[in-house]
Protein chains: 2
Amino acid sequence: MENIREIFQVMTRHFGFLNKNCCTVGGHDISLIHSHILYEIDKQHNPSMQQIAATLGTDITTFSRQVQSLVKMNLVKKSPLPEDKRISVLSLTAEGKFIAAVIDEQMNTMLNEVFANMNEFERETVVRSIKLLNASMAKTSYCCTTPMR
Amino acid sequence: MENIREIFQVMTRHFGFLNKNCCTVGGHDISLIHSHILYEIDKQHNPSMQQIAATLGTDITTFSRQVQSLVKMNLVKKSPLPEDKRISVLSLTAEGKFIAAVIDEQMNTMLNEVFANMNEFERETVVRSIKLLNASMAKTSYCCTTPMR
DNA sequence: GAATAATACTTGCAAAATGCAAATAATAAA
DNA sequence: TTTATTATTTGCATTTTGCAAGTATTATTC
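Residues numbered from 1 in each chain as written. Chains lettered and ligands numbered in written order. Predicted model: local features only at pLDDT ≥ 70, side-chain atom pairs only at ≥ 80, totals over all residues. Heavy atoms only, no water.

Novice: It is not clear to me how the protein's contact with DNA strand C should be interpreted in this structure. Could you clarify?
Specialist: In the region of DNA strand C, 20 residues are neighbours, and Met49, Gln50, Ser64 and Lys78 of chain A together with Arg65 of chain B sit closest. At a separation of 3.3 Å, a phosphate oxygen of DNA strand C approaches a polar side-chain atom of Thr62 of chain B. Counting only elements with at least two residues in the surface near DNA strand C, the list comes to helix H3 (49-56), helix H4 (60-72) and strand E4 (84-92) of chain A together with helix H4 (60-72) and strand E4 (84-92) of chain B. (Near = heavy atom within 4 Å. Polar contact = N/O pair within 3.5 Å; in protein donor to acceptor, adjacent residues only side chain to side chain. Helix = DSSP H or I, 4+ residues; strand = E, 2+ residues; numbered from the N terminus.)

Novice: What's the story with the side chain of Arg5 of chain B in this structure? I'm lost.
Specialist: Positionally, Arg5 of chain B belongs in helix H1 (residues 4-20). Excluding residues within four positions of it along the chain, Arg5 of chain B makes contact with Tyr39, Ile103, Asp104, Met107, Asn108 and Leu111 of chain A. (Contact = heavy atoms within 4.5 Å.)

Novice: Looking at this structure, how should I read the relation of the copies chain A and chain B?
Specialist: The operation relating the two chain copies consists of a rotation about an axis and a shift along that axis. Least-squares fitting of chain A to chain B yields an RMSD of 0.1 Å, with the superposition described by an axial translation of 0.0 Å and a rotation of 180°. Put plainly, the chains are arranged around a two-fold axis. The residues that chain A uses at the interface reappear at the interface of chain B in 100% of cases, marking a shared surface. (Least-squares fit on C-alpha atoms with pLDDT ≥ 70 in both.)

Novice: Just checking my understanding: could you explain the packing of helix H2 (residues 32-43) of chain B against helix H5 (residues 94-115) of chain B for this structure?
Specialist: Residues and elements named next belong to chain B. At their nearest, the axes of H2 and H5 sit 10 Å apart, and the two run at 105° to each other. By the angle between their axes, H2 is roughly perpendicular relative to H5. The segment H2 lies against H5, with Ser35, Leu38, Tyr39 and Asp42 engaging Ile99, Ala100, Ile103 and Asp104. Tallied by class, the residues present in the contact of H2 with H5 amount to five nonpolar, one polar and two charged. (Axes fitted to C-alpha atoms, helices over the stretch in contact; angles between N-to-C directions. Parallel < 35°, antiparallel > 145°, perpendicular 65-115°, else oblique. Nonpolar A, V, L, I, M, F, W, Y, C, P; charged D, E, K, R; others polar.)

Novice: Explain the protein's contact with DNA strand D here, please?
Specialist: Among the 20 residues in the neighbourhood of DNA strand D, the closest are listed as Arg65 of chain A together with Met49, Gln50, Ser64 and Lys78 of chain B. Taking all atoms of DNA strand D within 4 Å of the protein, the share assigned to sugar and phosphate is 65%. A distance of 2.7 Å is found between a base oxygen of DNA strand D and a side-chain nitrogen or oxygen belonging to Arg65 of chain A. In this structure, Ser64 of chain B approaches DNA strand D through a side-chain N or O atom, which is 2.6 Å from a phosphate oxygen. Tallied by class, residues from the surface near DNA strand D come to three nonpolar, nine polar and eight charged.

Novice: For this particular structure, what's the right way to read the pairing of E4 of chain A?
Specialist: The side chains of a regular strand alternate, first on one face of the sheet and then on the other. Residue and element names in this part refer to chain A. Pairing of strand E3 (residues 76-81) with E4, which is carried by six bridges, proceeds in the antiparallel orientation. Bridge pairing in E4 places Lys78 opposite Leu90. Counting the residues between successive antiparallel strands, the hairpin from E3 to E4 contains two residues. (Pairing = 2+ DSSP bridges.)

Novice: Can you help me understand unusual backbone geometry in this one?
Specialist: Both trends apply: most residues other than glycine have a negative phi, and most peptide bonds are in trans. You will see that Asn46 of chain A, though not glycine, has its phi angle at about 45°, which is positive. Structurally, Asn46 of chain A is set in the loop between helix H2 (32-43) and H3. In this structure Asn46 of chain A comes out as partly exposed when scored by relative accessible area, which is 46%. Phi at Asn74 of chain B is positive, roughly 65°, even though this residue is not glycine. Among the secondary structure elements, Asn74 of chain B is positioned in the loop between H4 and strand E3 (76-81). You can call Asn74 of chain B partly exposed: its relative accessible area is 43%. (Buried < 20%, exposed > 50% of the residue type's maximum accessible area, 1.4 Å probe, protein only.)

Novice: Looking at this model, I keep getting lost on the nonpolar core. Mind explaining?
Specialist: As a rule of thumb, nonpolar side chains are buried together in soluble globular proteins. Core analysis: the biggest nonpolar cluster contains 76 residues, and Phe8, Phe63 and Val76 of chain A together with Phe8, Phe63 and Val76 of chain B have the highest contact counts within it. If we skip the residues at most four places from it in the chain, Phe63 of chain A touches Ile37, Met49, Ile52, Ala53, Leu56, Thr58 and Leu90 of chain A. (Core = buried A, V, L, I, M, F, W, Y, C linked by side-chain atoms within 4.5 Å.)

Novice: Whenever I open this one, the layout of surface pockets confuses me. Can you help?
Specialist: Gaps left between atoms are located by rolling a probe of water-molecule size over the structure's atoms. As a volume, the largest pocket reaches approximately 1,300 Å³. Lining the largest pocket are 34 residues, and of these Gly16 and Leu32 of chain A together with Thr12, Gly16 and Leu32 of chain B sit closest to its centre. Mapped by element, the contributors of at least two residues to the lining of the largest pocket are helix H1 (4-20), H2 and H4 of chain A together with H1 and H2 of chain B. Residues of the lining of the largest pocket, tallied by class, amount to 13 nonpolar, 17 polar and four charged. (1 Å grid on protein atoms, 1.4 Å probe; cavity = no way out; pocket = protein on both sides within 12 Å on 5 of 7 lines; lining within 4 Å. Points joined across faces, edges and corners; volume = space filled by probe spheres on them.)

Novice: So what exactly am I meant to see when it comes to the pattern of salt bridges here?
Specialist: Close approach of charged atoms allows side chains with opposite charge to pair. Tallied over the entire structure, the rule returns 10 salt bridges over all chains. Between Lys43 of chain B and Glu6 of chain A there is a salt bridge, and its shortest N-O distance comes to 2.9 Å. Taken together, the residues Lys43 of chain B in helix H2 and Glu6 of chain A in helix H1 connect one chain to another. As a salt-bridge pair, Arg13 of chain A and Glu40 of chain B come within 2.8 Å of each other at their nearest N and O atoms. Residue Arg13 of chain A is found in helix H1, and its partner Glu40 of chain B is found in helix H2; the two belong to separate chains. (Salt bridge = Lys/Arg side-chain N within 4 Å of Asp/Glu carboxyl O.)

Shown next, in the form of structure tokens:
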């Protein structure tokens, strides 16, 4: 059997580079981590600090500071949840939404570039495969989810 | 069209967690970065510092120090190339090889676990797709390779 | 219903990782 | 031989990290 780890390693590295090429948007210099935080806040519905930190697998104390800097940059808003004031609900500011949208566009442009090297059939196969893979990894909980702390 | 970035983001994150679950081997606590360095030294044939640093997209000064710590742990050996003594050729020590092998086994075990959720046909499709993807990303040089410094 | 525990998040601090600029050492070019 | 170029290392200042301990709020217990 061929070396499965090898092809995954290569893929992850490529995709990591793609991610790194991100993200200077309108004066703001957005780090990779910050772009991921913006992405997840945008995606999840009124998430708490813990939710996003867990999704990204970031230590909560580190995450707290990362969010603080995003708040300072006026990209993220933190509002206490009325029914439980311990919890901070995260949301994007107008500027945060704009930045997230620009980054999303840039990423999709790069991905389209990648897919341009394939024909329609290949493209569909690849997309289906990755979905399959994601589903499998989600099932294999002990290996591919947030490590406990 | 569906959101391509989304499925890639999810996949990368899952695989990142899988990687993170690595690597305490025989007393040594191997960080993710260190495990990647071991992997690449093992894979490439008598690589120089620059080669590995470029492969991993790590700044050469940072990489120099990472290698220093691996040398101190007695996992990596650095030998000047006879015909050009500026160049340090990297190799794994016996212990380094052992550790790399153990990590490789752990990773493959986890990947097999993931693939266990699929039937033979799906498995083959996924592997083929990732290879296709890797080839495409290698072609799309401006997006998915080492950023210049 | 006051005392205790648990939860969500923040801060202190010390260690580690980062990367630019400059240094060193070796080879190549002029 | 002098001057560039290349490969790697070190100085240093900044940033990132995560544990331990702290604050604030809610839940539980007696």
